[in-house]
Structures are given as structure tokens and as C-alpha cells.
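Fold and contact review
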Amino acid sequence: MKKLDEIILKHALINAVTHEGIADEKAVIKKLLNELPELKNDIRNPEKRKIIFQRVNEIVTMVNSKNIKEQESMLYEKFGIRVEDILEEKAKKTRVGLPPLPGADEIKKVITRFAPAPSGALHIGQLIRAAFISYFYARMYNGKFILRIEDTDPRRIKKVYYNWIMEDLRKVGIEWDELVYESDHFEQYYEYTRKLFENGKAYVCTCTPEEFKKYKELQKPCPHRNKMDDVSYWEQMLAGRFREGEAVVRLKTDMGHKNPALRDPPLLRIIDTIPHPRTGYQYKVYPLYNYACALEDHMSGVTHVIRGKEHETNEAIQKEIYAAFGWSPPITIQYGMLKLPELKIHKRHIRAALREGRITGWDDITLPTVRALLRRGIHPEAFKKLAMHVGLTKSDAIISMETLYAFNRQILSPIARRLSFVEDPYTVIIKGIPDERIEVKMPWIPGREDAGHRIYLLNPEFKDSTRELHIHVSASDLKLLEKAMRNNDPIRLKDLMNITINSISHDKKLVIAEFHSYQLIPDINKIHWVPSGDLAIHARVLMPDGSIKSGLVEMLAQTLEEGEYVQLERFGFGRIDKNQGELIVFAYAHP
């Protein structure tokens, strides 16, 4: 029974940490039977089946009562399994299992594209699938990957965002083979539109949106459909005969189509009140999204469009445009929506928050933008691993940020420099120090001799016939100190010494302790610490919820460069956001 419980516990923990902390009984039973096939005979017996299923239920319920960090710790402590290893193995299977592109072997060259609008900084949701999956497939087939800037709505776009898109993609390791600006192609759009008029496939419509909606609902053509379909009306539109909001170009389709969105969809409209960041007031007739998208895909020879299933209506409109020109559309591969419950903020909310001064910028660490997550200390490779992990499925996927954090921990553990940071510090006076000077040598990165060490020379003061050493500890460790004091147990200051606690004064934020020993004692509780005096520097940690943690960090933190990855001992991973010498500011990534 003990062996059975251990196997159930192992699979319950694995299932929980890979499914946002909630294990599924059926999945655990399936894994249990795979590992112990002899149980298949037992579960045919009603009594034995009841006992087995009851144990699974009890253990799964116990596992699900814990938070995901507790589950990860239990999995490692009991079975030596790290969640990072599970996710990496899963990512490998996904990498191998990316489904082949339909028709890829029948064409000369696979061409994919990522087409963001410069309306803000890139969001993690855009990056993980729309950008990475298109990029992966282009590289998988030795094809071409196009970065296309969709900048045909001057009311939504800003010049600075153009460069940000390219900066963010390069930082996460995405390089493009061709860069396309849609705003370079207005003349081509106009020529194609002329052909539609010449072929009787388009017309100028001066209905108000409300008027056209009524015609669409009645499935009847508007009065302009067969009166303003001559190319002369198109030329009047280009010449400025109409003002913004007075006219649009519509594609002639089937006004009786069962999908209302496909009933004479608009192709171009007039915007003459706002200058374009790249072309100023040179052009006044701008293509709408679906028209520009269809024309650009055709002009660039895009063979495969990889897009979210929420674009089904757009895809249908674009196919109507392709049909009007007699072209064959590219192959479309749809994926489900990627939902990150912890990140619900949208670009429109970010723009509003910027205008109102509630955030500092698009890289504010409270945001889900790529540049904000990079600033926090999410390694570029972690985004790539998450994209591989998510893969390409038609069903919607709910991904916890914990999955991204697990990949990031795996990457940062061997490279992040360790530092001791104490929040809301208490001073500890340790009496009875036997040595006049103590040399403390701590690795910058455990297990990596090449990374060097942090070395501090501590000089105890001689006071009241005893040597005493002053250090600082975090207020968050007071419960451990109080418990050690009640039980008269020693507690270890990591990499320094063991001490016993005599008294704690919360008013003075002072702890009086006694030297116990230097040697490491098995199973002793450990806490981190920071030297006192000039060996401590003021520090702040910017947290993803917008709060700021204040405290002290060890002095050698000031030798690190801004942007370096760090792990604050027993606190979490992050980056050095600002090194001001007298003040170090960290951006927090995750535990």
C-alpha cells in the first residue's frame, strides 16, 4: 500500500504542477495503470477498485489543497523531480510534434509572416503564437519569414512603436528575412482598386453606417451599388471629392450571403484629418485591414497564414477579395486563443493608463508587454520555450504565468548571480564571537567556480568583555527566529555561522543573539542576512503588482551592471533595474 500511495502521490503532483495547481483524478489513474499494469486486474474487482479509487481521491484532494509552490517543493523533496525538467521534456515532444504544414512539400518555398500594427508595444499573447509559430515554421522548412508592419490606420499608430516592434522581436531571438511596410504600397493598392472598378467588382458607397446596416439586414443592395461603380467615382475619391466619413469603397459580393459580414464589405475609407507617421498628408484614402492584408499576402507570395481562430470572419472576407481578383488564397492554419488569466490588460487599457499617469511606460513591470517582461528578468529563451510548449492547437489554451516562470527558473538558475536582500531589516547583535575577523566567502553562482565569489571581511566589535557582530535579517524571518528562541534551537545564518536567539524587540527592530558554532548542522533552519554598516546598501524591489519592497542588499551588488540577472536569496529572480551606487533598484520576475 505504501508503494501504491507513493506512485499516486508522484503522478498527482506531476499532474498538478503542470495544470495550474489542480490535479485530475482520471489523469492520475491513467498514469498509475501505465506504471503498474498489474493493477488492471485489481480494478476489475469491485472491492479492490473501490479501495484504489478512494486512495487516488484522498491523495489528489490533499495535493490540490496546497498551492503550486508547495506542490513543486514536495515533488522535488520526495521524488527528486523538478517542474522545469517536466516542462522541458514536454517542450521537446511539442517541438518534435509541430504538425507539418499542409501543402508545404508541394511548393518551392514556404513563406510565412507576422504582421503587427504599430499601435503599442508587443504583448506576450502576440509573441507566443502569432510571431513565434510563424517564425518556427519558416525556419523548419528553410523558407522565408516576413515582418510586415500593418500601418494603414493613422488614427491608431505612433512612430515610436515601429522600432519597438523590431527591438522586441530581436531581443527574443526572432530575425526576419524581409521587412515590409504597408504604407509603402498605397500606389499598388490604388492600382488594384482601379482593376476592381474596371471589372465591375467595386463601387463607391456614400451611405452612412446606419443606412448601410439597414440594407445589409434587408439583404438588399444600397442605391450606390450599381450607380457609383464606374471608375470615375474612384478617381473622384482619390482627388478629394469626398471628405472623411462621406464615402467608402465596397466590394461587390452577394448581399444575400448568410454571413452578414460578407455582404459588400468595405475595402477603403478616407482619413484626411490625421497625418500618417511615415507619409504625412500625402495619402487620404486608406485600405481597411482585410483589403491590405489580402493584397499584401498576394504581393509577398505568402504561402501559409498562421492565425488565431478569432480571425475566421476576416479570413472569409479576404477569400472574397482573392476571388474577386481570380487569385488562389494562401493556406490558413488556425490556432486557438491563448489565455493567460493573470494578464487581462489590453493595449487600450495601457494607452489610457499612460495618459492618466497610472503607469510609467510600456515597460512598466505591471504590464504583460514583452518589454516589461524582459525588464523584469524573463530571459528571451523562456519565451521561445513557452511557445514550443504551447505549440499549435485549434483548441483554446489556458496558460498560467507559472509555466513561463518555470522555464525561466530553469534558464536563470545557472547564470543568475546570487545576492542577499533583506526586506524591512532587523538588526541582529551576535555576542560571543570567538574570532577577531571573519572571512565570508559565498559563490556568485552555486556550482560554478568560474563565476567567482563574494568575499566579505567582517570585524566584530569588542564590547562589554565580548566580541559582538552586527548583521541584518529580514522581518519576514521573525517567525523562524521566534520559534528558535522558544525551543532554544540554533538557527543558521547562511554561509556564516549558527546562532541562538536571546531576545527580540519589535519596537527597536533588534534581535539579541549568541554565537553557537560555525559548522553546518544537519536539518537546521537557514536564513539569509546582510552585513551591517558600509557593507550594506539601500535597495528597492519593483514588484509586478505595482508595490515596492524596501530594504538592504549586500554591498557587492553595486559591482553589477544594470540589466544583469540576479536571484535574491529566498526572495526571487529578477534583474538590476538601476544601479545608483548608493541605491540598487531591482525588478522582480518571480519566486
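Whatever comes next refers back to the structure up there.
Structural notes, computed from the coordinates. Computed from a predicted structure; not experimentally measured.

Observations regarding the overall build of the protein
- If you tally the helices and strands in the protein, you get 18 helices and 28 strands.
- Taking 2.2 N^0.38 as the reference for a compact globule, 591 residues should give roughly 25 Å; the C-alpha atoms of the protein span a radius of gyration of 31 Å, well beyond that estimate.
- Counting across all 591 residues of the protein, residues that qualify as buried make up 52%.
- Restricting to contacts in the protein with at least 6 residues of sequence separation, those with at least 24 account for 69%.
- Charged side chains of the protein number 90 positive and 82 negative; the gap between the two group centres comes to 4 Å.

What about unusual backbone geometry?
- Even without being glycine, glutamine 219 reaches a positive phi, approximately 60°.
- Secondary-structure assignment places glutamine 219 in the loop between α10 (209-218) and α11 (231-238).
- With phi around 60°, arginine 570 is a residue other than glycine that occupies positive phi space.
- Structurally, the position occupied by arginine 570 is in the loop between β26 (565-568) and β27 (572-579).
- A relative accessible area of 46% means that arginine 570 is categorised as partly exposed.

Here's the deal with helix α12 (residues 289-300)
- Over its 12 residues, α12 extends 16 Å from the first C-alpha to the last, a length consistent with the 16 Å expected when each residue adds 1.5 Å.
- Within α12, 9 of the 12 residues are buried, leaving the element largely enclosed by the surrounding structure.
- Within the span of α12, buried status applies to Asn290, Tyr291, Ala292, Cys293, Ala294, Leu295, Glu296, Asp297 and Ser300.
- Following α12 by one or two positions, glycine 301 adopts a phi angle in the positive range, close to 70°.

Let's talk about the side chain of histidine 304
- Mapped onto the elements, histidine 304 comes out in strand β8 (residues 304-308).
- A polar contact of 2.8 Å, which involves the side chain of histidine 304, links it to the side chain of threonine 303.

Regarding helix α9 (residues 186-198)
- Over its 13 residues, α9 runs 18 Å from end to end, which matches the ideal 18 Å to within 8%, given 1.5 Å per residue.
- After α9 finishes, the residue glycine 200 shows a positive phi value of roughly 70°.

Section: the side chain of glutamine 567
- Within the fold, glutamine 567 resides in strand β26.
- Using a relative accessible area of 18% as the deciding quantity, one classes glutamine 567 as buried.
- Of the polar contacts made by the side chain of glutamine 567, one reaches the side chain of arginine 418; its length is 3.0 Å.
- Beyond its immediate sequence surroundings of up to four residues, glutamine 567 is in contact with Ala416, Arg417, Arg418, Leu419, Gly572 and Phe573.

Focus: the packing of helix α16 (residues 380-390) against helix α17 (residues 401-412)
- Where α16 meets α17, the axes come as close as 9 Å, and the angle between the chain directions of the two elements is 130°. Our classification of the angle between α16 and α17 gives oblique. Between α16 and α17 the crossing geometry is right-handed. Mapping the contact onto sequence places Glu381, Ala382, Phe383, Lys385, Leu386 and His389 in α16 and Thr403, Leu404, Phe407, Asn408, Gln410 and Ile411 in α17.
- Looking at the contact of α16 with α17 residue by residue, the class counts come to 6 nonpolar, 4 polar and 2 charged.

Quick look at the sheet that holds strand β2 (residues 144-149)
- Taken together, 3 strands build an open sheet; the order of strands is β1-β2-β3 and the sheet is parallel. The open sheet is flanked by β1 (111-114) and β3 (178-181), the only strands paired with a single partner. With direction set aside, neighbouring strand axes in the sheet form an average angle of 30°.
- Of the pairings in the sheet, the one linking β2 to β3 comprises 4 bridges and is parallel in character. Residue pairing in the sheet places isoleucine 149 in a bridge with tyrosine 181 of β3.

A look at the state of the cysteines
- According to the stated counting rule, one finds 0 disulfides in the structure shown.
- Residue cysteine 207 stays outside any disulfide, its sulfur separated by 3.7 Å from that of cysteine 205, the closest cysteine.

Remarks on the environment of glutamate 235
- Tracing the chain through its elements places glutamate 235 in helix α11.
- C-alpha of glutamate 235 to C-alpha of tyrosine 190: the two residues are 45 residues apart in sequence and 9.7 Å apart in space.

Side note on the sheet that holds β26
- As summarised here, the arrangement of the 7 strands in space is β12-β26-β27-β28-β24-β25-β13, forming an open sheet in which the pairing is mixed. In the strand order of this sheet, the two ends are held by β12 (417-419) and β13 (421-423), each with one partner. Looking at each pair of strands side by side, their axes are set apart by 40° on average, direction ignored.
- When β12 meets β26, the two strands line up parallel, connected through 3 bridges. Within the sheet, the bridge partner assigned to arginine 418 lies in β26 and is glutamine 567.
- Contacts from α17 reach β12, β26, β27 and β28 (583-590), with the element oriented near 125° to β28.

Thoughts on the nonpolar core
- If you look at the biggest cluster of nonpolar residues, it comprises 80 residues, and the most contacted ones within it are Leu32, Leu127, Phe132, Leu169, Ile174 and Phe383.
- Considering each element in turn, this core owes the most residues, 11 residues, to helix α7 (residues 124-140).
- For leucine 32, the residues in contact, after removing those within four places along its chain, are Leu4, Ile7, Ile8, His11, Leu39, Ile52 and Val56.
- Counting residues in hydrophobic clusters, the runner-up holds 46 residues, among them Ile433, Ile445, Ile501 and Val541.

Regarding the packing of α9 against α11
- Contact geometry for α9 and α11: axes closest at 9 Å, N-to-C directions at 150°. As judged from the angle between their axes, α9 and α11 are roughly antiparallel. Like other packed secondary-structure pairs, α9 and α11 cross with a definite hand, here right-handed. Where α9 approaches α11, its residues Tyr190, Thr193, Arg194 and Phe197 are matched on the opposing element by Val231, Trp234, Glu235 and Leu238.

Describing the pattern of salt bridges
- As enumerated under the stated definition, the model contains 38 salt bridges in all.
- The partner of arginine 148 in a salt bridge is aspartate 297, with the nearest N and O atoms 2.8 Å apart. Taken together, the residues arginine 148 in strand β2 and aspartate 297 in helix α12 connect sequence positions 149 residues apart. Taken individually, arginine 148 and aspartate 297 each receive the classification buried, so the pair is uniform in this respect.
- The shortest N-O distance in the salt bridge between aspartate 272 and arginine 243 comes to 2.9 Å. In this pair, aspartate 272 sits in the loop between β6 (266-270) and β7 (285-287) while arginine 243 sits in the loop between α11 and β5 (248-251), placing the two residues 29 residues apart along the sequence.

About the cut-offs
- Residues numbered from 1 in each chain as written.
- Predicted model: local features only at pLDDT ≥ 70, side-chain atom pairs only at ≥ 80, totals over all residues.
- Heavy atoms only, no water.
- Helix = DSSP H or I, 4+ residues; strand = E, 2+ residues; numbered from the N terminus.
- Rg over C-alpha atoms; globule rule 2.2 N^0.38 Å.
- Buried < 20%, exposed > 50% of the residue type's maximum accessible area, 1.4 Å probe, protein only.
- Contact = heavy atoms within 4.5 Å.
- Lys, Arg positive; Asp, Glu negative; His and termini not counted.
- Charge placed at Lys NZ, Arg CZ, Asp CG, Glu CD.
- Expected span 1.5 Å × (residues − 1).
- Polar contact = N/O pair within 3.5 Å; in protein donor to acceptor, adjacent residues only side chain to side chain.
- Axes fitted to C-alpha atoms, helices over the stretch in contact; angles between N-to-C directions.
- Parallel < 35°, antiparallel > 145°, perpendicular 65-115°, else oblique.
- Left-handed = near helix turned anticlockwise from the far one by under 90°.
- Nonpolar A, V, L, I, M, F, W, Y, C, P; charged D, E, K, R; others polar.
- Pairing = 2+ DSSP bridges.
- Disulfide = S-S within 2.5 Å.
- Core = buried A, V, L, I, M, F, W, Y, C linked by side-chain atoms within 4.5 Å.
- Salt bridge = Lys/Arg side-chain N within 4 Å of Asp/Glu carboxyl O.

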